[in-house]
Amino acid sequence: MILAKYLSWLSVLILGLTACTQQSPQLSSPKKPLPIPAEAQKTHKRTPVSYFVWIAHPHNAERVKNYKNFLQQQGVQLVVPDFEFLRSARGWQDCNYEQYDVPEQSVWANIVPTLNLLSTLIKSDVLQNFELTSSYRSPVLNSCVNGAKTSSHMQNAAIDFRIGSENPDTNEALEITNSKLKLCKFWQTEGQKYNMGLGVYSTGQIHIDTKGFRTWGPDLTWHSSICAEKIP
């Protein structure tokens, strides 16, 4: 009888300890997720396989390394992933060209003020959801894609980008329009200080450079630019 009482008491004790063990995680406060560092936020985009293939070539990897080292020495903070920054032009396939490219060292410095302008647009909350579609273009590629004969892309002074997705729904289209108007207002109020050129095309592509304070639209004149009218 004594043994039976002892076993009964031991069973109760074990059950109590088990219950406490199961409940103990609920007593501790849940861990809050750590904030994503600002530098890491630009890396959430998935790098295409095509870029991994391209950068795997030792010659390309060396060029990219030297180019980025130069930009870092100039105090430039890249706010987009490498694969976007190094895109050549949207028509690269039709031109039998490479999807990614590094400019000649002689024009590296030309992109510095434009990249600094891009950083300012982001920090000022003018640009949020965007994707770079073209940066440097060699003269051969620029000619093939029917770029302007004096295109600032050939001088490595311009970038093209798209706000939002390529096929936005009605709600996103409205957000894109509002973002473009914010960009236009920045150009009107701050653009001259940055020597900012702003082109807004019907395709959804947007061009910025730092080669002169001006704006243009689909017909390549200021008359067709949505930034030509005063933005309230």
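Refer to the structure above for everything that follows.
Here the focus is the overall build of the protein. When you go through the protein residue by residue, the secondary structure sums to eight helices and five strands. Reading the helices (α) and strands (β) of the protein from amino to carboxyl end gives α-α-α-α-α-α-β-α-β-α-β-β-β. Buried residues in the protein amount to 37% of all 232 residues. The long-range fraction of contacts in the protein, counting pairs at least 24 apart against all pairs at least 6 apart in sequence, stands at 61%. Of the roughly 14,600 Å² that the protein leaves accessible, carbon and sulfur atoms contribute 56%.

The subject of this paragraph is the pairing of strand β2 (residues 158–163). Consecutive side chains of a regular strand alternate in pointing toward one face of the sheet and then the other. Judged by how many residues are buried, β2 sits mostly within the fold: six of six residues are covered. Alternating positions in β2 separate into two faces, A158, D160 and R162 on one and I159, F161 and I163 on the other, with burial throughout. Both strand β1 (residues 130–134) and β2 contribute to a ladder of four bridges, which runs antiparallel. When the bridges of β2 are listed, S134 appears paired with D160. Pairing geometry for β2 and strand β4 (residues 205–209), over five bridges, is antiparallel. Its bridge partner being in β4, F161 is matched across the sheet by I206.

Let us now look at the nonpolar core. Counting residues in each nonpolar core, the largest one holds 40 residues, and the members touching the most others are L71, F85, L86, F161 and L198. What L71 contacts, discounting residues up to four positions off in sequence, is V76, F85, I111, V112 and L115.

The next thing to look at is the side chain of E172. Topologically, E172 is positioned in helix α8 (residues 170–194). Among residues more than four places away in sequence, those in contact with E172 are N129, G164 and S165.

This brings us to the pattern of salt bridges. Per the stated rule, a full pass over the model turns up eight salt bridges. Residues E190 and K193 are paired through a salt bridge, measuring 3.1 Å at the closest nitrogen-oxygen approach. Separated by three residues within a single helix, E190 and K193 lie in helix α8, roughly one turn from each other. D209 is the salt-bridge partner of R214, the closest N and O atoms lying 2.8 Å from each other. Judged by its relative accessible area of 31%, R214 is partly exposed.

Before going further, it helps to examine the packing of aromatic side chains. Summed over all chains, the structure comprises nine aromatic pairs. Ring plane angle 50 degrees and centroid distance 5.7 Å describe the contact between W54 and Y100, whose orientation is recorded as tilted. Taken together, the positions of W54 in helix α3 (residues 49–55) and Y100 in the loop between α5 (82–85) and α6 (112–123) put the pair 46 residues apart, joining distant regions of the chain. Take W54: its relative accessible area is 6%, and that puts it in the buried class.

Our focus in this paragraph is the environment of W108. Here W108 lies in the loop between α5 and α6. Note: C-alpha distance between W108 and K68 (40 residues apart in sequence) is 9.8 Å.

On the secondary structure map, T47 appears in the loop between α2 (38–41) and α3. Between the C-alpha atom of T47 and that of E84, which follows or precedes it by 37 residues, the distance is 8.9 Å.

Our focus in this paragraph is helix α4 (residues 58–73). The terminal C-alpha atoms of α4, which comprises 16 residues, lie 23 Å apart, in line with the 22 Å expected from a rise of 1.5 Å per residue. Here the buried face of α4 lies against α3, α5 and α6. Remark: G75 follows α4 within two positions and exhibits a positive phi of approximately 80 degrees.

Let us now look at α6. With 12 residues, α6 extends 17 Å between its outermost C-alpha atoms, agreeing within 8% with the 16 Å of an ideal straight helix rising 1.5 Å per residue. What α6 keeps buried is the set V112, T114, L115, L117, L118, S119 and L121. Turning to α6, the residues buried within the fold contact α4, α5, β1, β2, α8 and β4. After α6 finishes, the residue D125 shows a positive phi value of roughly 65 degrees.

So, how was this worked out
- Residues numbered from 1 in each chain as written.
- Predicted model: local features only at pLDDT ≥ 70, side-chain atom pairs only at ≥ 80, totals over all residues.
- Heavy atoms only, no water.
- Helix = DSSP H or I, 4+ residues; strand = E, 2+ residues; numbered from the N terminus.
- Buried < 20%, exposed > 50% of the residue type's maximum accessible area, 1.4 Å probe, protein only.
- Contact = heavy atoms within 4.5 Å.
- Areas by Shrake-Rupley, 256 points an atom, 1.4 Å probe, with all protein chains shown as cover.
- Pairing = 2+ DSSP bridges.
- Core = buried A, V, L, I, M, F, W, Y, C linked by side-chain atoms within 4.5 Å.
- Salt bridge = Lys/Arg side-chain N within 4 Å of Asp/Glu carboxyl O.
- Phe/Tyr/Trp six-rings, centres within 6.5 Å; stacked < 30°, edge-to-face > 60°.
- Expected span 1.5 Å × (residues − 1).

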